Amino acid sequence: FPQRTYIFTFLLSSRVFIHPHELLAKVGQICIKQKQQLETGTEAEKAKLKSFAAKIIQLLKEWTETFPYDFQDEKSMKELKEIAHRITQCDEENGTVKKIISQMTQNLLIALSARSQYQEIREKFRQPVTDKGTILKTKPQSTQKDILSVCCDPLILAQQLTYVELERVSNIYPEDLMQIVSHMDSLDNHKCRGDVTKTYNLEAYDNWFNCLSMLVATEICRVVKKKQRTRMVEFFIDVARECFNIGNFNSMMAIISGMNLSPVARLKKTWSKVKTAKFDVLEHHMDPSSNFCNYRTALQGAAQRSQTANSNREKIVIPVFNLFIKDIYFLHKIHTNRLPNGQINFKKFWEISRQIHDFLTWKQVECPFEKDKKIQSYLLTAPIYSEEALFIASFESEGPENHMEKDSWKTLR
């Protein structure tokens, strides 16, 4: 019986070449064949049949646990029931087989129902980043709440961001990530599934990154007084640093991206008052040169810490999601799906599945921080400015410096 890592890689990458229900049908055919060959009735053959049945059950158990979504259509469910029926016949006097199969089916139905419920919720709330909250064209009154009035402790905010990240990331599944490969150019011109499940989960998580970046920029740009604006910038630098210490690289990158947006970056008078040493350290960690070499070193350190960790707190690893996606896409692009002799390039899929497996291990960490409803509600519903509104707020705080800025200020007005 192959190792779990091999089975995971095989089941994950097979969908690039064949529909999961077709693969399941092939397993069904093997069951029929083996049953016919070993049904002569000698004791040795009976033992072989029992051993074969046990291995098929093990395979189905791993398949239904790791890729429950492969069984969402009727064809797969029908095939699974037929195989289960045949396997039960191979070892009829053994009641445990029946029990295991019934438990497996029950767990599968629970997993499918949980996922379809999440899909319904997501359908209701799926909105592009610009629609989140009210997009304001002008600056609101200074009496409006800001992040500091909800949470002024950088560590607590970093913990709440980590809570949101882990919640969102728990809804990303291996087959969602594999679509990056199978969407592009699956070999026999068919997609990994007839209807190709939409990449909503990936989009929703990507939207969260954009929302957080825009929220950071909004919080900074809308502060009227320079002293308070400086405090806001320093607060977010501290939050990003705490995210880094926790191992939440995605939130950290989103915060840095928000602070590097032009409307924030141009606030020179504000930045001149900021103690930038901490920010420079963060920028160093996220320096894009040499393919984000510094970030990758930090990620590796967090991953090693996670492996030897005793507490959930030390197990947290949340990679920068769009870099993770780019890595998989890059692996897919530089290596062909088949070798010159026509065989499948299993080495390529082994490497892709290794990276996806790491991600799945990290996403299963239970969040050690308690949910703070007030902070979470602010993070997810506070108004976000459009890019235009950000520039208006930025120019109102610190007037245009050069001809280019003066022109865009005129256009905006």
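Calculation notes
- Residues numbered from 1 in each chain as written.
- Predicted model: local features only at pLDDT ≥ 70, side-chain atom pairs only at ≥ 80, totals over all residues.
- Heavy atoms only, no water.
- Phe/Tyr/Trp six-rings, centres within 6.5 Å; stacked < 30°, edge-to-face > 60°.
- Buried < 20%, exposed > 50% of the residue type's maximum accessible area, 1.4 Å probe, protein only.
- Lys NZ or Arg CZ within 6 Å of the ring centre and 35° of its normal.
- Helix = DSSP H or I, 4+ residues; strand = E, 2+ residues; numbered from the N terminus.
- Polar contact = N/O pair within 3.5 Å; in protein donor to acceptor, adjacent residues only side chain to side chain.
- Contact = heavy atoms within 4.5 Å.
- Expected span 1.5 Å × (residues − 1).
- Salt bridge = Lys/Arg side-chain N within 4 Å of Asp/Glu carboxyl O.
- Patch = residues over 30% accessible without salt bridge, like charges linked within 9 Å, V, L, I, M, F, W, Y side chains within 5 Å.
- Areas by Shrake-Rupley, 256 points an atom, 1.4 Å probe, with all protein chains shown as cover.

Chemist: So what's going on with the packing of aromatic side chains? Residues and values would help.
Modeler: Scanning all chains against the criterion turns up 16 aromatic pairs. Between Trp63 and Phe71, the ring centres sit 5.7 Å apart and the planes meet at 65°, which makes this aromatic pair edge-to-face. As far as burial versus exposure is concerned, Trp63 and Phe71 are alike and both buried. Feature note: the residues Tyr6, Phe10, Phe346 and Trp350 constitute an aromatic cluster, connected by ring pairs. The aromatic ring of Phe67 is capped on one face by Arg15, whose charged end is 4.7 Å from the ring centroid.

Chemist: Which residues make up the side chain of Glu398, and what are the values?
Modeler: Among the structural elements, Glu398 can be located in the loop between α20 (387-397) and α21 (403-412). Taking relative accessible area as the criterion, Glu398 reaches 4% and is therefore assigned buried. In terms of polar contacts, Glu398 uses its side chain to reach the backbone amide nitrogen of Lys269, at 3.1 Å. Residues within four places of Glu398 in sequence aside, it is in contact with Arg229, Arg266, Leu267, Lys268, Lys269 and Thr270.

Chemist: An account of helix α9 (residues 200-221) is requested, with residue identities and associated values reported.
Modeler: Taking 1.5 Å as the rise per residue, α9 with 22 residues should run 32 Å; its terminal C-alpha atoms sit 31 Å apart, in good agreement. Burial analysis of α9 places 18 of its 22 residues in the buried class, the great majority of the element.

Chemist: So, the pattern of salt bridges: which residues are in play, and what are the values?
Modeler: Side-chain pairing between opposite charges can occur once the charged atoms of the two side chains come close. Counted under the stated rule, the structure contains 13 salt bridges. The shortest N-O distance in the salt bridge between Lys78 and Glu82 comes to 3.4 Å. A residue pair is termed a helical-turn pair when its members lie 3 or 4 positions apart in one helix, as Lys78 and Glu82 do in helix α4 (residues 74-90) at four residues. A salt bridge links Glu398 to Arg229, with the shortest nitrogen-to-oxygen separation between them at 3.6 Å. Remark: Arg229 occurs in helix α10 (residues 226-246) and Glu398 occurs in the loop between α20 and α21; sequence separation between them is 169 residues. The class of Arg229 is buried, set by a relative accessible area of 1%. If you follow the salt bridges from partner to partner, you end up with Lys78, Glu82 and Arg86 in one network.

Chemist: How would you summarise a nonpolar patch on the surface if you had to cite specific residues and measurements?
Modeler: Residues Tyr6, Phe10 and Trp350 make up a contiguous nonpolar surface patch of roughly 270 Å² in combined accessible area. Owing to a relative accessible area of 34%, Trp350 belongs among the partly exposed residues under this scheme.

Nothing here speaks to function; it is all geometry.
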